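A look at the structure
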Amino acid sequence: MFRATLAICGRTVVKRFISSVSGESALPSNLRLPSNLIGVAPQKRASPSGSDLPVLRRCEADIPAHLAPAQTWLETLGSHDSEPLGVVDLHPDVFSVPVRLDILHAVEVWQRNFKRISHAKVKSRAEVSGGGRKPWKQKGSGRARHGSIRSPLWRGGGVAHGPRGPTSYYYMLPMKVRVQGLKIALTAKLAQDYLHIVDSLEIPTPDPHYLLDLVKHRQSDEFPQNILKATEELKTVNIIPAIGLNVHSMLKHESLVLTLEAVKFLEKKLIWHDVRYTPLYPFKLPYSDLP
Amino acid sequence: MFCCPSSLSEEREMSASVRSMSLTVCRAARVAYRAFNPVTRSLTTGACLRTESNPAEGSRGFIESTEEFRFVERLVPPSRIPAPPKHEGPAPSGWIPQSATPPSLPYMIRRSRMHNVPVYSDIKHGNQHSTLLRKIEGDIWTLNKDVKEFLLGLTGKEPPTQVNEVTGTIRIKGQFDKELKDWLLKKGF
(Lines give C-alpha, C1' and ligand atoms only; values in the text may rest on other atoms or scores of the structure.)
Protein backbone atom coordinates (compact mmCIF):
# COMPACT_ATOMS: atom_id res chain seq x y z
CA MET A 1 0.00 0.00 0.00
CA PHE A 2 2.72 2.41 1.04
CA ARG A 3 4.91 1.42 -1.81
CA ALA A 4 2.01 2.07 -4.21
CA THR A 5 1.30 5.53 -2.83
CA LEU A 6 4.94 6.42 -2.76
CA ALA A 7 5.28 5.29 -6.36
CA ILE A 8 2.26 7.43 -7.28
CA CYS A 9 3.69 10.50 -5.58
CA GLY A 10 7.12 9.98 -7.12
CA ARG A 11 5.80 9.40 -10.58
CA THR A 12 3.45 12.37 -10.52
CA VAL A 13 6.22 14.67 -9.29
CA VAL A 14 8.51 13.42 -12.03
CA LYS A 15 5.75 13.72 -14.62
CA ARG A 16 4.90 17.27 -13.58
CA PHE A 17 8.58 18.17 -13.77
CA ILE A 18 8.85 16.61 -17.20
CA SER A 19 5.70 18.29 -18.45
CA SER A 20 6.79 21.73 -17.18
CA VAL A 21 10.19 21.28 -18.80
CA SER A 22 9.04 19.85 -22.12
CA GLY A 23 5.86 21.94 -22.37
CA GLU A 24 3.63 19.01 -23.47
CA SER A 25 0.02 18.90 -22.26
CA ALA A 26 -0.01 15.94 -19.85
CA LEU A 27 -3.13 14.80 -17.99
CA PRO A 28 -3.68 16.59 -14.64
CA SER A 29 -2.53 14.58 -11.63
CA ASN A 30 -6.01 13.70 -10.41
CA LEU A 31 -6.92 11.99 -13.70
CA ARG A 32 -3.79 9.95 -14.16
CA LEU A 33 -3.97 6.25 -13.26
CA PRO A 34 -0.77 4.61 -12.01
CA SER A 35 0.27 1.45 -13.81
CA ASN A 36 0.38 -0.72 -10.64
CA LEU A 37 -3.32 -0.10 -9.82
CA ILE A 38 -5.30 -3.20 -8.79
CA GLY A 39 -8.47 -3.70 -10.81
CA VAL A 40 -8.73 -3.11 -14.53
CA ALA A 41 -10.05 0.26 -15.64
CA PRO A 42 -12.80 -0.15 -18.25
CA GLN A 43 -11.58 0.35 -21.78
CA LYS A 44 -13.42 3.07 -23.67
CA ARG A 45 -15.58 1.44 -26.32
CA ALA A 46 -15.32 2.75 -29.86
CA SER A 47 -18.16 5.17 -30.67
CA PRO A 48 -20.80 3.58 -32.92
CA SER A 49 -20.98 6.55 -35.31
CA GLY A 50 -18.50 5.18 -37.84
CA SER A 51 -19.60 1.54 -37.76
CA ASP A 52 -21.46 -0.38 -40.46
CA LEU A 53 -23.83 -2.23 -38.12
CA PRO A 54 -27.51 -1.47 -38.78
CA VAL A 55 -29.53 0.96 -36.66
CA LEU A 56 -31.93 -1.40 -34.90
CA ARG A 57 -34.09 1.15 -33.08
CA ARG A 58 -35.24 4.63 -34.10
CA CYS A 59 -36.78 7.12 -31.68
CA GLU A 60 -40.59 7.16 -31.53
CA ALA A 61 -40.99 10.82 -30.53
CA ASP A 62 -40.11 13.63 -32.95
CA ILE A 63 -36.57 14.91 -32.66
CA PRO A 64 -36.08 18.72 -33.04
CA ALA A 65 -34.61 19.66 -36.42
CA HIS A 66 -31.37 21.08 -35.02
CA LEU A 67 -30.50 17.99 -32.91
CA ALA A 68 -29.29 14.54 -33.91
CA PRO A 69 -30.10 11.38 -31.97
CA ALA A 70 -27.43 10.00 -29.64
CA GLN A 71 -26.19 6.57 -30.69
CA THR A 72 -24.94 3.62 -28.71
CA TRP A 73 -24.36 -0.11 -29.11
CA LEU A 74 -27.02 -2.79 -28.67
CA GLU A 75 -25.60 -5.76 -26.77
CA THR A 76 -26.70 -9.20 -25.55
CA LEU A 77 -26.26 -10.91 -22.20
CA GLY A 78 -26.28 -14.28 -23.96
CA SER A 79 -22.60 -15.06 -23.77
CA HIS A 80 -19.43 -13.52 -22.37
CA ASP A 81 -17.77 -12.38 -25.56
CA SER A 82 -20.60 -11.64 -27.98
CA GLU A 83 -20.19 -8.74 -30.38
CA PRO A 84 -22.74 -5.87 -30.28
CA LEU A 85 -25.80 -6.68 -32.39
CA GLY A 86 -26.25 -3.19 -33.79
CA VAL A 87 -26.66 0.48 -33.10
CA VAL A 88 -29.54 2.12 -31.23
CA ASP A 89 -30.82 5.71 -31.59
CA LEU A 90 -31.52 7.56 -28.34
CA HIS A 91 -33.61 10.73 -28.12
CA PRO A 92 -31.40 13.81 -27.54
CA ASP A 93 -33.93 15.45 -25.19
CA VAL A 94 -33.41 12.56 -22.77
CA PHE A 95 -29.86 11.37 -23.43
CA SER A 96 -28.06 14.59 -24.50
CA VAL A 97 -29.35 17.31 -22.19
CA PRO A 98 -26.89 19.88 -20.74
CA VAL A 99 -25.47 18.31 -17.59
CA ARG A 100 -26.51 20.54 -14.68
CA LEU A 101 -24.66 19.21 -11.66
CA ASP A 102 -26.54 21.55 -9.36
CA ILE A 103 -29.87 19.99 -10.35
CA LEU A 104 -28.37 16.51 -9.93
CA HIS A 105 -27.17 17.41 -6.45
CA ALA A 106 -30.51 18.93 -5.51
CA VAL A 107 -32.43 15.83 -6.64
CA GLU A 108 -30.01 13.48 -4.86
CA VAL A 109 -30.27 15.44 -1.61
CA TRP A 110 -34.06 15.54 -1.94
CA GLN A 111 -34.21 11.78 -2.46
CA ARG A 112 -32.19 11.22 0.69
CA ASN A 113 -34.07 13.63 2.90
CA PHE A 114 -37.71 13.77 1.88
CA LYS A 115 -38.37 10.32 3.35
CA ARG A 116 -36.52 11.12 6.56
CA ILE A 117 -38.43 11.23 9.80
CA SER A 118 -36.10 11.61 12.74
CA HIS A 119 -37.64 10.12 15.86
CA ALA A 120 -35.19 11.75 18.24
CA LYS A 121 -37.07 13.19 21.21
CA VAL A 122 -35.87 14.13 24.69
CA LYS A 123 -37.87 15.22 27.68
CA SER A 124 -38.01 18.88 28.49
CA ARG A 125 -38.22 20.16 32.04
CA ALA A 126 -42.00 19.97 31.85
CA GLU A 127 -41.99 16.29 30.88
CA VAL A 128 -39.42 14.91 33.32
CA SER A 129 -41.12 13.36 36.33
CA GLY A 130 -41.21 15.43 39.45
CA GLY A 131 -39.89 18.93 39.84
CA GLY A 132 -43.15 20.67 40.67
CA ARG A 133 -42.14 21.92 44.05
CA LYS A 134 -39.57 24.56 44.90
CA PRO A 135 -36.72 22.53 46.53
CA TRP A 136 -35.85 25.06 49.23
CA LYS A 137 -36.99 28.53 50.13
CA GLN A 138 -35.82 31.46 48.06
CA LYS A 139 -33.79 33.25 50.71
CA GLY A 140 -31.93 32.22 53.83
CA SER A 141 -30.69 28.68 53.06
CA GLY A 142 -27.32 29.84 51.72
CA ARG A 143 -27.73 27.75 48.55
CA ALA A 144 -28.39 29.00 45.00
CA ARG A 145 -31.99 29.84 44.27
CA HIS A 146 -33.92 27.18 42.31
CA GLY A 147 -37.50 26.66 41.31
CA SER A 148 -37.56 22.96 40.45
CA ILE A 149 -35.26 19.97 40.64
CA ARG A 150 -35.78 19.20 36.95
CA SER A 151 -34.59 22.45 35.38
CA PRO A 152 -31.87 22.05 32.69
CA LEU A 153 -29.21 23.21 35.15
CA TRP A 154 -29.76 20.18 37.37
CA ARG A 155 -28.42 16.66 36.97
CA GLY A 156 -31.40 14.52 35.91
CA GLY A 157 -33.24 17.57 34.68
CA GLY A 158 -34.82 18.09 31.30
CA VAL A 159 -32.93 19.14 28.18
CA ALA A 160 -33.35 22.82 27.30
CA HIS A 161 -33.29 22.86 23.47
CA GLY A 162 -33.17 19.21 22.54
CA PRO A 163 -34.78 17.43 19.59
CA ARG A 164 -38.54 17.58 20.01
CA GLY A 165 -40.57 14.72 18.77
CA PRO A 166 -40.65 13.10 15.36
CA THR A 167 -39.55 15.77 12.90
CA SER A 168 -40.27 15.36 9.25
CA TYR A 169 -37.85 16.58 6.60
CA TYR A 170 -40.41 16.20 3.84
CA TYR A 171 -40.34 18.63 0.96
CA MET A 172 -41.03 18.24 -2.75
CA LEU A 173 -38.95 19.57 -5.56
CA PRO A 174 -41.00 20.66 -8.57
CA MET A 175 -41.92 17.75 -10.85
CA LYS A 176 -40.01 19.22 -13.77
CA VAL A 177 -36.82 19.53 -11.68
CA ARG A 178 -37.02 15.88 -10.69
CA VAL A 179 -37.62 14.86 -14.30
CA GLN A 180 -34.68 16.98 -15.44
CA GLY A 181 -32.53 15.25 -12.78
CA LEU A 182 -33.35 11.86 -14.30
CA LYS A 183 -32.57 13.09 -17.80
CA ILE A 184 -29.24 14.55 -16.63
CA ALA A 185 -28.29 11.31 -14.87
CA LEU A 186 -29.04 9.29 -18.01
CA THR A 187 -27.04 11.75 -20.12
CA ALA A 188 -24.12 11.49 -17.72
CA LYS A 189 -24.17 7.70 -17.81
CA LEU A 190 -24.20 7.71 -21.61
CA ALA A 191 -21.44 10.32 -21.83
CA GLN A 192 -19.20 8.43 -19.41
CA ASP A 193 -19.70 5.19 -21.34
CA TYR A 194 -21.45 3.53 -18.40
CA LEU A 195 -24.78 2.97 -20.18
CA HIS A 196 -25.41 -0.41 -21.82
CA ILE A 197 -28.50 -1.13 -23.92
CA VAL A 198 -29.46 -4.78 -24.11
CA ASP A 199 -32.15 -6.44 -26.23
CA SER A 200 -33.52 -8.63 -23.43
CA LEU A 201 -32.51 -9.87 -19.99
CA GLU A 202 -32.32 -13.58 -20.96
CA ILE A 203 -29.19 -15.19 -19.58
CA PRO A 204 -28.32 -18.87 -20.15
CA THR A 205 -27.83 -19.91 -16.51
CA PRO A 206 -29.21 -18.81 -13.13
CA ASP A 207 -25.67 -18.80 -11.78
CA PRO A 208 -24.61 -15.53 -10.07
CA HIS A 209 -21.03 -16.12 -11.16
CA TYR A 210 -22.08 -15.86 -14.82
CA LEU A 211 -23.25 -12.30 -14.24
CA LEU A 212 -20.14 -11.32 -12.30
CA ASP A 213 -17.91 -12.73 -15.03
CA LEU A 214 -19.99 -10.92 -17.64
CA VAL A 215 -19.60 -7.61 -15.79
CA LYS A 216 -15.86 -8.10 -15.39
CA HIS A 217 -15.49 -9.16 -19.01
CA ARG A 218 -17.42 -6.37 -20.55
CA GLN A 219 -16.53 -3.64 -18.30
CA SER A 220 -21.65 -3.38 -18.44
CA ASP A 221 -41.89 -5.87 -15.01
CA GLU A 222 -41.65 -9.03 -15.40
CA PHE A 223 -38.10 -10.43 -15.41
CA PRO A 224 -36.85 -13.79 -16.69
CA GLN A 225 -36.33 -16.35 -13.94
CA ASN A 226 -32.62 -16.83 -14.68
CA ILE A 227 -31.64 -13.24 -14.09
CA LEU A 228 -33.81 -12.97 -10.99
CA LYS A 229 -32.08 -15.97 -9.45
CA ALA A 230 -28.67 -14.76 -10.56
CA THR A 231 -29.04 -11.30 -9.00
CA GLU A 232 -30.75 -12.48 -5.81
CA GLU A 233 -27.60 -13.15 -3.83
CA LEU A 234 -25.41 -10.55 -5.52
CA LYS A 235 -24.80 -7.29 -3.69
CA THR A 236 -23.21 -5.30 -6.51
CA VAL A 237 -25.55 -6.24 -9.36
CA ASN A 238 -29.14 -5.17 -8.76
CA ILE A 239 -32.21 -5.36 -10.95
CA ILE A 240 -35.13 -2.92 -10.83
CA PRO A 241 -38.17 -2.31 -13.07
CA ALA A 242 -37.95 0.73 -15.36
CA ILE A 243 -40.39 2.70 -13.20
CA GLY A 244 -37.97 2.42 -10.29
CA LEU A 245 -35.20 4.36 -12.04
CA ASN A 246 -33.94 7.13 -9.74
CA VAL A 247 -30.98 9.48 -9.49
CA HIS A 248 -29.62 8.03 -6.24
CA SER A 249 -29.41 4.50 -7.66
CA MET A 250 -27.81 5.79 -10.84
CA LEU A 251 -25.15 7.64 -8.89
CA LYS A 252 -24.54 4.73 -6.51
CA HIS A 253 -24.13 2.06 -9.18
CA GLU A 254 -21.33 2.45 -11.66
CA SER A 255 -23.01 1.32 -14.86
CA LEU A 256 -26.60 1.05 -16.00
CA VAL A 257 -28.01 -1.64 -18.28
CA LEU A 258 -31.32 -0.87 -19.98
CA THR A 259 -33.41 -3.08 -22.24
CA LEU A 260 -34.94 -1.68 -25.42
CA GLU A 261 -38.41 -1.67 -23.84
CA ALA A 262 -37.02 0.23 -20.87
CA VAL A 263 -35.51 2.84 -23.19
CA LYS A 264 -38.84 3.21 -25.03
CA PHE A 265 -40.74 3.54 -21.73
CA LEU A 266 -38.31 6.11 -20.31
CA GLU A 267 -38.28 8.22 -23.47
CA LYS A 268 -42.08 8.25 -23.60
CA LYS A 269 -42.46 9.23 -19.95
CA LEU A 270 -39.65 11.80 -19.79
CA ILE A 271 -40.44 13.56 -23.08
CA TRP A 272 -44.10 13.93 -22.10
CA HIS A 273 -43.06 16.43 -19.41
CA ASP A 274 -41.69 18.76 -22.11
CA VAL A 275 -44.99 18.91 -23.99
CA ARG A 276 -47.61 18.71 -21.24
CA TYR A 277 -50.00 21.34 -19.92
CA THR A 278 -49.77 22.47 -16.32
CA PRO A 279 -51.99 20.07 -14.35
CA LEU A 280 -55.64 21.08 -14.17
CA TYR A 281 -56.07 18.45 -11.45
CA PRO A 282 -53.43 15.99 -10.15
CA PHE A 283 -52.02 13.65 -12.78
CA LYS A 284 -52.90 10.59 -10.72
CA LEU A 285 -56.53 11.21 -11.81
CA PRO A 286 -57.43 10.18 -15.36
CA TYR A 287 -56.64 12.34 -18.40
CA SER A 288 -57.37 11.25 -21.92
CA ASP A 289 -53.74 10.88 -23.08
CA LEU A 290 -51.40 10.23 -20.18
CA PRO A 291 -48.22 8.36 -21.24
CA MET B 1 -84.41 -1.06 14.45
CA PHE B 2 -85.11 -3.57 17.15
CA CYS B 3 -88.38 -5.25 17.86
CA CYS B 4 -88.56 -8.11 20.29
CA PRO B 5 -90.66 -10.94 18.84
CA SER B 6 -92.68 -12.82 21.38
CA SER B 7 -92.40 -16.33 19.97
CA LEU B 8 -89.42 -18.23 18.57
CA SER B 9 -90.93 -18.80 15.10
CA GLU B 10 -91.62 -15.09 14.69
CA GLU B 11 -88.02 -14.40 15.66
CA ARG B 12 -86.75 -16.80 13.02
CA GLU B 13 -88.96 -15.19 10.36
CA MET B 14 -87.83 -11.75 11.43
CA SER B 15 -84.19 -12.71 11.24
CA ALA B 16 -84.72 -14.38 7.84
CA SER B 17 -86.35 -11.28 6.35
CA VAL B 18 -83.67 -9.03 7.87
CA ARG B 19 -80.98 -11.32 6.48
CA SER B 20 -82.54 -11.34 2.99
CA MET B 21 -82.84 -7.52 3.10
CA SER B 22 -79.19 -7.11 4.06
CA LEU B 23 -78.19 -9.53 1.28
CA THR B 24 -80.10 -7.53 -1.33
CA VAL B 25 -78.52 -4.30 -0.05
CA CYS B 26 -75.06 -5.86 -0.36
CA ARG B 27 -75.72 -7.22 -3.83
CA ALA B 28 -77.10 -3.87 -5.09
CA ALA B 29 -74.09 -2.03 -3.67
CA ARG B 30 -71.70 -4.49 -5.31
CA VAL B 31 -73.50 -4.17 -8.66
CA ALA B 32 -73.35 -0.37 -8.51
CA TYR B 33 -69.65 -0.50 -7.57
CA ARG B 34 -68.87 -2.89 -10.44
CA ALA B 35 -70.77 -0.66 -12.86
CA PHE B 36 -68.49 2.27 -12.01
CA ASN B 37 -65.23 0.48 -11.31
CA PRO B 38 -64.22 -1.33 -14.54
CA VAL B 39 -64.51 1.77 -16.72
CA THR B 40 -62.45 3.99 -14.38
CA ARG B 41 -59.81 1.26 -14.26
CA SER B 42 -59.61 1.24 -18.07
CA LEU B 43 -59.23 5.07 -18.08
CA THR B 44 -56.41 5.11 -15.55
CA THR B 45 -54.42 2.60 -17.61
CA GLY B 46 -54.46 5.24 -20.30
CA ALA B 47 -55.91 3.10 -23.05
CA CYS B 48 -59.32 4.21 -24.22
CA LEU B 49 -60.77 0.71 -24.35
CA ARG B 50 -64.42 0.48 -23.44
CA THR B 51 -65.74 -2.91 -22.42
CA GLU B 52 -68.73 -3.36 -24.66
CA SER B 53 -70.83 -5.44 -22.35
CA ASN B 54 -74.21 -6.53 -23.66
CA PRO B 55 -76.93 -4.84 -21.65
CA ALA B 56 -77.72 -7.80 -19.45
CA GLU B 57 -81.17 -8.23 -18.06
CA GLY B 58 -80.45 -8.45 -14.38
CA SER B 59 -82.73 -10.43 -12.20
CA ARG B 60 -83.58 -7.11 -10.48
CA GLY B 61 -85.06 -5.64 -13.70
CA PHE B 62 -82.39 -3.02 -14.64
CA ILE B 63 -79.97 -3.07 -17.59
CA GLU B 64 -76.23 -2.69 -17.12
CA SER B 65 -74.60 -0.77 -19.98
CA THR B 66 -71.25 0.93 -20.40
CA GLU B 67 -72.09 2.48 -23.79
CA GLU B 68 -73.11 5.81 -22.31
CA PHE B 69 -69.68 6.32 -20.72
CA ARG B 70 -68.52 7.97 -23.96
CA PHE B 71 -70.37 11.10 -22.79
CA VAL B 72 -68.02 11.22 -19.79
CA GLU B 73 -64.91 10.26 -21.77
CA ARG B 74 -65.30 13.12 -24.21
CA LEU B 75 -65.25 15.59 -21.30
CA VAL B 76 -61.93 14.32 -19.90
CA PRO B 77 -59.27 16.88 -20.93
CA PRO B 78 -56.04 16.07 -22.80
CA SER B 79 -52.72 16.41 -21.02
CA ARG B 80 -50.50 17.18 -24.04
CA ILE B 81 -50.21 20.58 -25.74
CA PRO B 82 -51.29 20.07 -29.37
CA ALA B 83 -49.09 21.05 -32.29
CA PRO B 84 -50.38 24.30 -33.88
CA PRO B 85 -52.22 23.94 -37.23
CA LYS B 86 -50.18 24.60 -40.37
CA HIS B 87 -50.30 28.28 -41.52
CA GLU B 88 -48.74 29.77 -44.66
CA GLY B 89 -46.90 32.70 -43.15
CA PRO B 90 -48.26 34.47 -40.05
CA ALA B 91 -51.49 33.31 -38.42
CA PRO B 92 -54.41 35.81 -38.11
CA SER B 93 -53.41 36.47 -34.49
CA GLY B 94 -49.89 37.49 -35.53
CA TRP B 95 -48.22 34.26 -34.41
CA ILE B 96 -45.40 33.14 -36.71
CA PRO B 97 -44.37 29.47 -36.68
CA GLN B 98 -40.75 28.40 -36.31
CA SER B 99 -39.03 27.89 -39.67
CA ALA B 100 -38.86 24.22 -40.67
CA THR B 101 -35.11 24.32 -41.27
CA PRO B 102 -33.16 25.78 -38.33
CA PRO B 103 -31.12 28.89 -39.32
CA SER B 104 -27.44 28.22 -39.98
CA LEU B 105 -26.12 30.10 -36.95
CA PRO B 106 -23.82 28.81 -34.18
CA TYR B 107 -26.67 29.14 -31.66
CA MET B 108 -30.26 27.93 -31.49
CA ILE B 109 -33.26 29.30 -29.59
CA ARG B 110 -36.03 26.79 -29.00
CA ARG B 111 -39.69 27.71 -28.76
CA SER B 112 -41.49 27.47 -25.43
CA ARG B 113 -43.92 24.61 -24.85
CA MET B 114 -46.73 26.88 -26.07
CA HIS B 115 -44.75 27.44 -29.30
CA ASN B 116 -43.81 31.06 -28.53
CA VAL B 117 -40.48 32.90 -28.68
CA PRO B 118 -38.84 32.71 -25.21
CA VAL B 119 -38.30 36.44 -24.58
CA TYR B 120 -39.70 37.74 -21.30
CA SER B 121 -39.66 41.20 -19.69
CA ASP B 122 -39.10 41.59 -15.98
CA ILE B 123 -39.52 44.51 -13.53
CA LYS B 124 -37.95 44.75 -10.10
CA HIS B 125 -38.68 47.43 -7.50
CA GLY B 126 -41.00 49.17 -9.94
CA ASN B 127 -38.20 50.85 -11.88
CA GLN B 128 -35.60 48.21 -12.89
CA HIS B 129 -36.56 46.84 -16.30
CA SER B 130 -34.79 43.85 -17.79
CA THR B 131 -35.38 41.42 -20.63
CA LEU B 132 -34.73 37.70 -20.29
CA LEU B 133 -33.84 35.55 -23.28
CA ARG B 134 -34.24 31.84 -22.40
CA LYS B 135 -33.80 28.36 -23.95
CA ILE B 136 -30.53 29.19 -25.72
CA GLU B 137 -28.43 26.31 -27.00
CA GLY B 138 -25.06 26.37 -28.71
CA ASP B 139 -22.63 29.32 -28.71
CA ILE B 140 -24.22 31.76 -26.28
CA TRP B 141 -21.43 34.34 -26.50
CA THR B 142 -21.91 34.84 -30.25
CA LEU B 143 -25.59 35.41 -29.61
CA ASN B 144 -24.67 37.88 -26.88
CA LYS B 145 -22.50 39.80 -29.33
CA ASP B 146 -25.26 39.77 -31.96
CA VAL B 147 -27.85 40.98 -29.45
CA LYS B 148 -25.57 43.81 -28.32
CA GLU B 149 -24.91 44.86 -31.93
CA PHE B 150 -28.62 44.84 -32.72
CA LEU B 151 -29.52 46.90 -29.67
CA LEU B 152 -26.65 49.32 -30.36
CA GLY B 153 -28.11 49.94 -33.80
CA LEU B 154 -31.56 50.31 -32.28
CA THR B 155 -30.90 52.61 -29.33
CA GLY B 156 -27.42 54.03 -29.93
CA LYS B 157 -25.91 52.60 -26.74
CA GLU B 158 -24.82 49.08 -25.79
CA PRO B 159 -26.96 47.70 -22.95
CA PRO B 160 -25.25 45.69 -20.19
CA THR B 161 -26.07 42.00 -20.43
CA GLN B 162 -25.66 39.06 -18.09
CA VAL B 163 -24.84 35.73 -19.75
CA ASN B 164 -25.58 32.53 -17.81
CA GLU B 165 -23.88 29.67 -19.62
CA VAL B 166 -25.12 26.99 -17.24
CA THR B 167 -28.82 27.72 -17.75
CA GLY B 168 -28.48 29.10 -21.30
CA THR B 169 -30.06 32.50 -20.60
CA ILE B 170 -29.17 36.15 -21.29
CA ARG B 171 -30.55 38.98 -19.18
CA ILE B 172 -30.44 42.43 -20.81
CA LYS B 173 -30.87 45.73 -18.99
CA GLY B 174 -33.84 47.62 -20.38
CA GLN B 175 -37.15 46.58 -21.85
CA PHE B 176 -36.65 45.27 -25.38
CA ASP B 177 -38.96 42.28 -25.48
CA LYS B 178 -41.02 43.33 -28.57
CA GLU B 179 -37.95 44.33 -30.55
CA LEU B 180 -36.05 41.19 -29.63
CA LYS B 181 -39.04 38.98 -30.44
CA ASP B 182 -39.37 40.52 -33.93
CA TRP B 183 -35.62 40.24 -34.47
CA LEU B 184 -35.58 36.57 -33.52
CA LEU B 185 -38.66 35.83 -35.65
CA LYS B 186 -36.98 37.50 -38.65
CA LYS B 187 -33.94 35.26 -38.07
CA GLY B 188 -36.20 32.22 -38.20
CA PHE B 189 -36.16 30.98 -34.59
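Residues numbered from 1 in each chain as written. Chains lettered and ligands numbered in written order. Predicted model: local features only at pLDDT ≥ 70, side-chain atom pairs only at ≥ 80, totals over all residues. Heavy atoms only, no water.

An unreviewed UniProt entry lists chain B under the name Large ribosomal subunit protein mL49, with Labeo rohita as the source organism. In UniProt, chain B has this text filed under Subcellular location (unreviewed entry): "Mitochondrion". In its Sequence similarities (unreviewed entry) section, the UniProt entry covering chain B states "Belongs to the mitochondrion-specific ribosomal protein mL49 family." (UniProt positions renumbered as here; feature names shortened; annotations may be inferred.)

As annotated in an unreviewed UniProt entry, chain A carries the name Large ribosomal subunit protein uL4m and comes from Labeo rohita. Under the heading Sequence similarities (unreviewed entry), UniProt records this for chain A: "Belongs to the universal ribosomal protein uL4 family."

**A short note on the sheet that holds strand β1 (residues 55-57) of chain A**
All names here are of chain A. An order of β1-β3-β2-β6-β7 is seen for the 5 strands of this open sheet, with the pairing classed as mixed. The open sheet has two edge strands with one neighbour each: β1 and β7 (256-259). Across the sheet, the mean angle from the axis of one strand to that of its neighbour is 45°, orientation sign disregarded. Where strand β2 (residues 70-75) lies against strand β3 (residues 86-90), 5 bridges are found, and the strand directions are antiparallel. Each bridged residue has a counterpart across the sheet, and for A70 the counterpart in β3 is L90. Strand contacts of helix α8 (residues 260-272): β1, β2, β3, β6 (195-198) and β7, with the helix running at about 90° to β7, the strand carrying the most contacts. (Pairing = 2+ DSSP bridges. Helix = DSSP H or I, 4+ residues; strand = E, 2+ residues; numbered from the N terminus. Axes fitted to C-alpha atoms, helices over the stretch in contact; angles between N-to-C directions. Contact = heavy atoms within 4.5 Å.)

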